[in-house]
Amino acid sequence: TEWRMKFRREMNQRDDEANTKAIDSLINYETVKYFNNEPHEARRYDAALRGYETAAVLSQVSLSKLNIGQGAIIAVGLVLNMLLAAKGVQDGNMTVGDFVLVNTYLLQLYMPLNFLGFVYRQIKQSLTDMERMFSLLDVDKEVEDKAGSAELACSDAAIRFEDVKFSYNPDREILKGVSFEVPAGKTVAVVGPSGAGKSTLTRLMFRFYDVSAGRITIDGQDIRDVTQNSLRREIGIVPQDTVLFNDTIAYNISYGRPGAEQSEIEEVTKLASIDGFIEGLPEGFKTKVGERGLKLSGGEKQRVSIARMLLKRPKIMIFDEATSALDTRTEKDIQQALRDVSRGHTTLIIAHRLSTVIDADEIIVLRDGQVAERGRHQDLLSQEGLYAEMWAQQQELREAEELLAHAGEIPG
Ligand SMILES: Nc1ncnc2c1ncn2[C@@H]1O[C@H](COP(=O)(O)OP(=O)(O)O)[C@@H](O)[C@H]1O
Ligand SMILES: [Mg+2]
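Reading guide: rules and limits
Every residue gets a number counted from 1 within its own chain, in the order that chain's sequence is written. Just so you know, chain letters begin at A and ligand numbers begin at 1, following the order they were written in. Where totals are concerned, whole chains, interfaces and linings use all residues; where local detail is concerned, this predicted model gives features only for residues with pLDDT of at least 70, and gives and counts side-chain atom pairs only at 80 or more. Based on all heavy atoms of the structure, the side-chain values leave hydrogens and waters out of the count. UniProt positions are given in the numbering used here, feature names are shortened, and annotations may be inferred rather than shown by experiment. Counting from the N terminus, the helices are the DSSP runs of H or I reaching at least four residues and the strands are the DSSP runs of E reaching at least two. The span expected for a helix works out to 1.5 Å for each residue beyond the first. The cut-offs for exposure are 20% and 50% of the maximum accessible area for each residue type, with area from a 1.4 Å probe on protein chains only; residues under the lower value are buried, those over the upper are exposed, and the others partly exposed. Whether two residues are in contact is decided by their heavy atoms: any pair within 4.5 Å suffices. Domain ranges listed in this record stem from an automatic or a database domain assignment. The donor set covers N, O and S atoms within 2.8 Å of the metal, switching to 3.2 Å for Na, K and Ca, and it leaves out water, so a site may look short of donors. Nearness here has a simple test: a residue counts as near a molecule or strand if at least one of its heavy atoms is within 4 Å of that partner. Two N or O atoms form a polar contact when they lie within 3.5 Å of each other; inside protein one atom must be a possible hydrogen donor and the other a possible acceptor, and for residues adjacent in sequence the pair counts only when both atoms belong to side chains. Put simply, Ala, Val, Leu, Ile, Met, Phe, Trp, Tyr, Cys and Pro go in the nonpolar bin, Asp, Glu, Lys and Arg in the charged bin, and everything else, Gly too, in the polar bin. Only protein atoms enter the calculation, which uses a 1 Å grid: trapped sets of points that fit a 1.4 Å probe without letting it out are cavities, open sets showing protein on both sides within 12 Å along at least five of seven lines are pockets, and any residue with an atom within 4 Å of a point is a lining residue. Grid points are joined across faces, edges and corners, and a volume is the space filled by probe spheres set on the points. The working definition used for a salt bridge is a side-chain nitrogen of Lys or Arg within 4 Å of a carboxyl oxygen of Asp or Glu. When DSSP finds two or more bridges between two strands, those strands count as paired. Between N-to-C directions, angles cover 0 to 180 degrees, with each direction set by a line fitted to C-alpha atoms, over the stretch in contact for helices.

- The name given to the protein chain in an unreviewed UniProt entry is Metal ABC transporter permease, with the source organism recorded as Thalassospira lucentensis.
- Quoted straight from UniProt, the Subcellular location (unreviewed entry) entry for the protein chain says "Cell membrane".

**A word on helix H1 (residues 5-27)**
Phase 1 of the analysis: Helix length check: H1, at 23 residues, gives a terminal C-alpha distance of 33 Å against a target of 33 Å (1.5 Å per residue), a fit within 8%.
Phase 2 of the analysis: Three or more residues of H1 are buried, namely Met5, Phe7, Arg8, Met11, Asn12, Ala18, Ala22 and Ser25.
Phase 3 of the analysis: Against helix H2 (29-34), helix H3 (38-90) and helix H4 (96-138) lie the buried residues of H1.

**Things to note about the domain arrangement of the protein chain**
Interface size is commonly expressed as the accessible area that is lost once the parts come together.
Phase 1 of the analysis: Here the protein chain is described as being made up of domain 1 (5-138) and domain 2 (159-409).
Phase 2 of the analysis: Computed from C-alpha coordinates alone, the two centres of domain 1 and domain 2 are separated by 55 Å.

**A look at the coordination of the magnesium ion (ligand 2)**
Octahedral six-donor coordination of a metal ideally yields angles of 90 or 180 degrees, compared with 109.5 degrees for tetrahedral four-donor coordination.
Phase 1 of the analysis: Here the magnesium ion (ligand 2) is held by Ser199 (OG) and Gln240 (OE1), and the distances to it run 2.0 to 2.2 Å. Separated by 41 residues along the polypeptide, serine 199 in helix H5 (residues 198-205) and glutamine 240 in the loop between strand S6 (235-238) and helix H7 (249-254) bring together distant segments of the chain.
Phase 2 of the analysis: What makes glutamine 240 partly exposed here is its relative accessible area of 33%.

**A short note on the site of ligand 1**
Phase 1 of the analysis: Around ligand 1, a shell composed of Tyr168, Arg172, Ile174, Ser194, Gly195, Ala196, Gly197, Lys198, Ser199, Thr200, Arg203 and Tyr209 is seen.
Phase 2 of the analysis: With respect to ligand 1, the backbone of glycine 195 contributes an N or O atom lying 2.7 Å from an oxygen atom.
Phase 3 of the analysis: At 3.5 Å, a side-chain N or O of arginine 203 approaches a nitrogen atom of ligand 1.
Phase 4 of the analysis: Residues that form the shell around ligand 1 fall into these classes: 4 nonpolar, 5 polar and 3 charged.

**A few points about empty space enclosed by the protein**
Rolling a probe over the atoms, with the probe sized like a water molecule, indicates the empty space that remains.
Phase 1 of the analysis: Scanning the model with the defined rule gives 1 cavity of 30 Å³ or more in all.
Phase 2 of the analysis: Of the voids in this model, the largest cavity is the one considered here, and its volume is about 30 Å³.
Phase 3 of the analysis: Contributing to the lining of the largest cavity are Leu204, Arg207, Tyr209, Asp210, Val211, Arg215, Ile216, Asp222, Ile223 and Arg224.
Phase 4 of the analysis: Each residue belonging to the lining of the largest cavity can be placed in one class, and the counts come to 5 nonpolar, no polar and 5 charged.

**Remarks on the UniProt feature "domain: ABC transmembrane type-1" (unreviewed entry) in the protein chain**
Phase 1 of the analysis: Feature annotation in UniProt places "domain: ABC transmembrane type-1" (unreviewed entry) on residues 1-125, given in this structure's numbering.
Phase 2 of the analysis: End C-alpha to end C-alpha, residues 1-125 measures 9 Å, and it is 90% helix and 0% strand.

**Focus on the pattern of salt bridges**
Phase 1 of the analysis: Summed over all chains, the structure comprises 24 salt bridges.
Phase 2 of the analysis: Put simply, arginine 50 and aspartate 46 hold a salt bridge, and the shortest N to O gap is 3.5 Å. Residue arginine 50 and its partner aspartate 46 are located together in helix H3, separated by 4 residues, close to a single helical turn.
Phase 3 of the analysis: Between arginine 257 and glutamate 264 there is a salt bridge; the shortest N-O distance is 3.3 Å.
Phase 4 of the analysis: Glutamate 264 gets classed as buried once you look at its relative accessible area, which sits at 18%.
Phase 5 of the analysis: Taken together, the shared-partner salt bridges in this structure form one network comprising Arg160, Glu162, Glu181 and Arg215.

**Considering the pairing of strand S3 (residues 187-191)**
Residues in a regular strand project their side chains so that they alternate between the two faces of the sheet.
Phase 1 of the analysis: With 5 of 5 residues buried, S3 lies mostly within the body of the structure.
Phase 2 of the analysis: Alternating residues of S3 divide into Thr187, Ala189 and Val191 and Val188 and Val190, and every residue in both groups is buried.
Phase 3 of the analysis: The sheet contact formed by S3 and strand S9 (residues 362-367) spans 4 bridges and is parallel. Within the sheet, the bridge partner assigned to alanine 189 lies in S9 and is isoleucine 363.

**Describing helix H11 (residues 328-342)**
Phase 1 of the analysis: The terminal C-alpha atoms of H11 lie 20 Å apart, and with 15 residues this matches the ideal 21 Å at 1.5 Å per residue to within 8%.
Phase 2 of the analysis: Taken as a whole, H11 has its buried residues at Thr330, Glu331, Ile334, Gln335, Ala337, Leu338, Val341 and Ser342.
Phase 3 of the analysis: Here the buried face of H11 lies against helix H8 (262-271), helix H10 (298-312), strand S7 (316-320) and strand S8 (346-350).
Phase 4 of the analysis: Glycine 344 sits one or two positions beyond H11 and adopts a positive phi of about 85°.

**Points about the sheet that holds strand S1 (residues 159-166)**
Phase 1 of the analysis: The strand order S2-S1-S4-S5 describes an open sheet built from 4 strands, whose pairing is antiparallel. Each edge of the open sheet carries a strand with a single partner, namely strand S2 (175-182) and strand S5 (221-222).
Phase 2 of the analysis: Two elements, S1 and S2, share 6 bridges in a ladder whose sense is antiparallel. Considered in S2, the bridge of lysine 165 is made with lysine 176.
Phase 3 of the analysis: Contacts from H5 reach S1, S2 and strand S4 (213-218) within the one sheet, and its direction differs from that of S1 by about 110°.

**A few points about the sheet that holds S6**
Phase 1 of the analysis: Pairing is mixed in the open sheet, where 6 strands are placed in the order S6-S7-S8-S3-S9-S10. This sheet does not close on itself; its edge strands, each paired only once, are S6 and strand S10 (370-375). For this sheet, the mean inter-axis angle between neighbouring strands, taken without regard to orientation, is 20°.
Phase 2 of the analysis: Packed onto the sheet, H10 meets S6 and S7 and runs at close to 175° relative to S6.

**A few points about the layout of surface pockets**
Phase 1 of the analysis: Counted as a void, the largest pocket has a volume near 430 Å³.
Phase 2 of the analysis: Contributing to the lining of the largest pocket are 28 residues, with Thr187, Gln335, Arg339, Ile349 and Thr356 lying nearest its centre.
Phase 3 of the analysis: Elements that contribute at least two residues to the lining of the largest pocket include exactly H11 and S8.
Phase 4 of the analysis: The space that makes up the second largest pocket amounts to roughly 320 Å³.
Phase 5 of the analysis: Lining the second largest pocket are 13 residues, with Ile237, Pro239, Tyr255, Gly256 and Arg308 positioned closest to its centre.
Phase 6 of the analysis: Listing elements by their share of the lining of the second largest pocket, those giving two or more residues are S6 and H10.
Phase 7 of the analysis: Of the residues in the lining of the second largest pocket, the class split is 8 nonpolar, 2 polar and 3 charged.

Structure representation (structure tokens):
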């Protein structure tokens, strides 16, 4: 039984592999089609299934061999015993009654033994099947609440990053000592090239990871000293990649605060300028959005995501390139609405388009995990550094976009 467990393990592993491949290629079906790779995916799945087949057959054959082996041993033993007993009767040492008695005893002994062997193998096999689940339970959480940590007492929500260092992998530091402050009720923008570590800041604030050095505080409390639950309650985010649940638009918006009233949902859809779009849909709020929201355009998804965040009514708001997929005009509408709702809220904006952060109380330019420049829009322009350079580049882009927008206004 111990010997055959390796076949069973192999079989489970192949089963896992085949399932993962199937799900992966189905979820990413658009990519598969873009690259015309259906045959490739089919081959990969086929290979995984073939591996599973081989392992499953081996597992079953080994089980049958064991069962047959055990049955054979018992049968041979029974026959030998009966022969001995028959000989006893023949020699006159035993009566026919004794012969029957021996037979009954043996059967009573062998039946449970046979059954025991069978059950043992089944149990052993089921335990092997559950091994992966148990190993999952053994994995340590990356971030744990400290014993007896308090709730976050968040009154006006001032955020401080103090010399924060962080790396996902020990051999590559992403943040190399970042310090800045978002005073209560103010708006701070973080800009910088892609890969600078901007989204990493948001993950640290949510404590998906803990900092490796330095600290992050909210109202003076180190976020490592408070419960994750109370911390996440106070922060609302519009993430860089919005992923929606395969349910209705109403469900996805109300995800921000399950149990919210329909009137509240309608209010936030107005703020996120998605009310017009929803009204135009034949099924309105009941429209299904598809897996991960693939039936909505990038900009529509972002606006659902903004509405969902607004519904949560957090003290701290984070926008991670929240309007990057919108055209300039829709973006302007939303920006105005967001400025209104975020007034008085501590707000962290991560932006790619610099025109959206002109009014920020402070702009942090992040480069290679370090604060390269900081200040207000005008100061940064006069510094003629990275920010001014990015601004000049985007200015050209914006002019082109405006031309396009005007072209759209010309009738016909
Ligand atoms: N989970 C992760 N594991 C390892 N590296 C990561 C992970 N997430 C992001 N990174 C790396 O960290 C760097 C910063 O990422 P990110 O903060 O998302 O950049 P951005 O400034 O564009 O938002 C990138 O170089 C990225 O490759
Ligand atoms: Mg990012």
